[in-house]
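# Chain and residue survey
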Amino acid sequence: MTFHEVIGQEEVRERLLQMTREGRLPHAIMLCGPQGVGKKALAVAFACHLLSQHPVFQDSSENPMLRKLEHPDLHFTYPTIKLPSMGSDHMPVSDDFAKEWHELIMGGPYFTMDEWMTAMGGENQQAIITAGESDDLMRKLSLKSSQGGYKVSVVWLPERMNIACANKLLKLIEEPPSQTVFIMVSEEPDKLLETIRSRVQRIDVRQLPMETICQALVERRGISEETARRISRLANGSWLKALQELQVGTENEQFLDLYISLMRLAYQRKIRELRKWSEVMAGFGREKQKRFLNYFLRMTRECFMFNFKQADIVYMTQQEEDFARNFARFVNEANVLAIYDLANRAIRDIGQNANAKIVFFDFALQTIVLLLQK
């Protein structure tokens, strides 16, 4: 993989390359930023760049091992789950899911944790990085470089390490094997041990400009400029979000239907139908339930802003706008903050494994009350 596959982020790319040219490359780097801005893509491209410093292959695009991401000195670490087929004393490690990881990342470095969970077959589990992973990584990095150059460890979402793994990795970072470079990719760096954060060089990767996403959609996806402009506004700086908006039958369309159904049934005070709605929501996995509630928050915000009749502050698809045109007046100064609080409490309760049927039925009943406030 090369930097040409990264969307935007020229400033970060140049900073990484400059550190290499000037011989100031730290042994541990952490790329931090929101989901979908290209942190993982930058990490993989930079890893390939470091490993391409070979007398035969001076460009990672020319090295067949790097094109296939099968270089023996390139090591990936990522959150994993425990499958029923695994023994009770087995701690899952990245190698257990190497085939699934390789298939997913070869399709492109822009993918979500939800997509990775689906690839592993554990949508309803919590993925972590275990102590077994740090032991495995120590063993791999203790070996001599096969090509006589760098050994690169790309760690995706280190904040998902359990405490045992984090402590072992800390020791590895403090006393790294010769010519080893750690490249961490974090969305929530504050969840990492302070001792780890203090020993890595943090580089913040910012949201992509709307113009960058729009241009990439036109050039790489071949869509019209008008469609690209609307999608790039909705993407809110995330290439991942832009790709999701492109998909036919996207999850957001389902969420819009659920949002419309909830609001109409709540307005009509149809308790029995609202119970059925809550049962449908309870049938989703917890991660999807939280994604719907975040979508609910976004749509509520957009409906509220729609009332101000200023197009430049509203970010909705055409279908969402069509619904908001008649509904937006029901989200106003009297209830918008209470609606936000209601959704955030539901997100908290779902995250704490509360009974989803009870959470969503109460959520629906409270919505009836809030929509009546004017």
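What comes next concerns the included structure. Treat the numbers as computed from the prediction; the structure is a model and nothing was measured.

## A look at the packing of helix α16 (residues 336–351) against helix α17 (residues 356–371)
- α17 packs onto α16 with a crossing angle of 175° between their chain directions and a minimal axis gap of 10 Å. Considered as vectors, α16 and α17 are oriented roughly antiparallel to each other. Taking contact as the criterion, the partners of A338, I339, L342, A343, A346, D349 and I350 in α16 are, on α17, A356, V359, F360, F363, Q366, T367 and L370.
- Per-class residue counts for the contact of α16 with α17 are eleven nonpolar, two polar and one charged.

## Remarks on the nonpolar core
- Core analysis: the biggest nonpolar cluster contains 61 residues, and L31, W116, W156 and W239 have the highest contact counts within it.
- Counting 47 residues, the second-largest nonpolar core is a separate cluster that includes L262, F292, V314 and M316.

## Some details on the packing of aromatic side chains
- Within this structure, the stated rule accounts for 22 aromatic pairs.
- Aromatic pair F76 and W101: ring centres 5.7 Å apart, planes at 50°, arrangement tilted. On the criterion of sequence distance, the pair formed by F76 in strand β2 (residues 74–77) and W101 in helix α4 (residues 98–106) is long-range, its members being 25 residues apart.
- The class for W101 is buried, based on a relative accessible area of 4%.
- Ring centres of F323 and F327 lie 4.9 Å apart, and the angle between their planes is 20°; on these two criteria the pair is classed as stacked. Taken together, the positions of F323 and F327, both in helix α15 (residues 318–327) and four residues apart, correspond to about one turn of that helix.

## Here's the deal with the layout of surface pockets
- Estimates place the volume of the second largest pocket at around 280 Å³.
- Contributing to the lining of the second largest pocket are 15 residues, with L234, E245, T317, Q318 and Q319 lying nearest its centre.
- Looking at the lining of the second largest pocket, the elements that each hand over two or more residues are α10 (225–235), α12 (251–268) and α15.
- If you tally residues by element for the lining of the second largest pocket, the top one is α10, at five residues.

## What about the packing of helix α14 (residues 286–306) against α16?
- Between α14 and α16, the shortest axis-to-axis distance is 9 Å and the interhelical angle comes to 170°. One finds that α14 runs roughly antiparallel with respect to α16. Contacts between α14 and α16 involve R286, Q289, K290, L293, N294, F296, L297, T300, R301 and F304 from the former and V336, I339, Y340, A343, N344, A346, I347 and I350 from the latter.
- In the contact of α14 with α16, the residues fall into eleven nonpolar, four polar and three charged.

## A closer look at the pattern of salt bridges
- Enumeration over the complete set of coordinates arrives at 22 salt bridges.
- A salt bridge links K140 to D136, with the shortest nitrogen-to-oxygen separation between them at 3.5 Å. Separated by four residues within a single helix, K140 and D136 lie in helix α6 (residues 131–141), roughly one turn from each other. In this structure, K140 and D136 share a single accessibility class: buried.
- One salt bridge in this structure joins E321 and R230, with 3.5 Å as the shortest N-O distance. Note that E321 is positioned in helix α15 and R230 in helix α10, a separation of 91 residues in sequence.
- Residue E321 is classed as buried on the basis of its relative accessible area of 19%.
- When its relative accessible area of 23% is taken as the criterion, R230 is described as partly exposed.

## Some points on the sheet that holds strand β1 (residues 28–32)
- Pairing within the open sheet is parallel, and its five strands lie in the order β2-β3-β4-β1-β5. Pairing within the sheet leaves two strands with one partner each, and these edge strands are β2 and β5 (201–204). Pairs of neighbouring strands in the sheet enclose a mean axial angle of 20°, with direction left out of account.
- Bridging between strand β3 (residues 151–156) and strand β4 (residues 180–186) involves six bridges; their strand directions are parallel. Paired with V155 across the two strands is M184, which belongs to β4.
- Lying over the sheet, helix α1 (residues 10–21) contacts β1 and β5, oriented at roughly 155° with respect to β5.
- Along the sheet face, α6 touches β2, β3 and β4 and points at about 175° away from the line of β2.

## Points about helix α2 (residues 39–51)
- Between the first and last C-alpha of α2 there are 18 Å, a value that for 13 residues agrees with the 18 Å anticipated at 1.5 Å per step.
- Of all 13 residues that make up α2, twelve are buried, and the element is covered over most of its length.
- If you check which residues of α2 are buried, you get K39, K40, A41, L42, A43, V44, A45, F46, A47, C48, L50 and L51.

## Quick look at the side chain of D73
- Among the structural elements, D73 can be located in the loop between α3 (64–67) and β2.
- Here D73 occupies a buried position and makes no salt bridge, while the nearest side chain of opposite charge, K151, is found at 7.1 Å.
- Separated by 3.0 Å, the side chains of D73 and S145 make a polar contact.
- Of note is the side chain of D73, whose polar atom sits 3.0 Å from the side chain of S146.
- Leaving out residues up to four positions away in the same chain, D73 has contacts with L51, S145, S146, Q147, Y150, K151 and V152.

Rules used throughout
- Residues numbered from 1 in each chain as written.
- Predicted model: local features only at pLDDT ≥ 70, side-chain atom pairs only at ≥ 80, totals over all residues.
- Heavy atoms only, no water.
- Axes fitted to C-alpha atoms, helices over the stretch in contact; angles between N-to-C directions.
- Helix = DSSP H or I, 4+ residues; strand = E, 2+ residues; numbered from the N terminus.
- Parallel < 35°, antiparallel > 145°, perpendicular 65-115°, else oblique.
- Contact = heavy atoms within 4.5 Å.
- Nonpolar A, V, L, I, M, F, W, Y, C, P; charged D, E, K, R; others polar.
- Core = buried A, V, L, I, M, F, W, Y, C linked by side-chain atoms within 4.5 Å.
- Buried < 20%, exposed > 50% of the residue type's maximum accessible area, 1.4 Å probe, protein only.
- Phe/Tyr/Trp six-rings, centres within 6.5 Å; stacked < 30°, edge-to-face > 60°.
- 1 Å grid on protein atoms, 1.4 Å probe; cavity = no way out; pocket = protein on both sides within 12 Å on 5 of 7 lines; lining within 4 Å.
- Points joined across faces, edges and corners; volume = space filled by probe spheres on them.
- Salt bridge = Lys/Arg side-chain N within 4 Å of Asp/Glu carboxyl O.
- Pairing = 2+ DSSP bridges.
- Expected span 1.5 Å × (residues − 1).
- Lys, Arg positive; Asp, Glu negative; His and termini not counted.
- Polar contact = N/O pair within 3.5 Å; in protein donor to acceptor, adjacent residues only side chain to side chain.

By themselves, these observations are geometric and do not establish any function.
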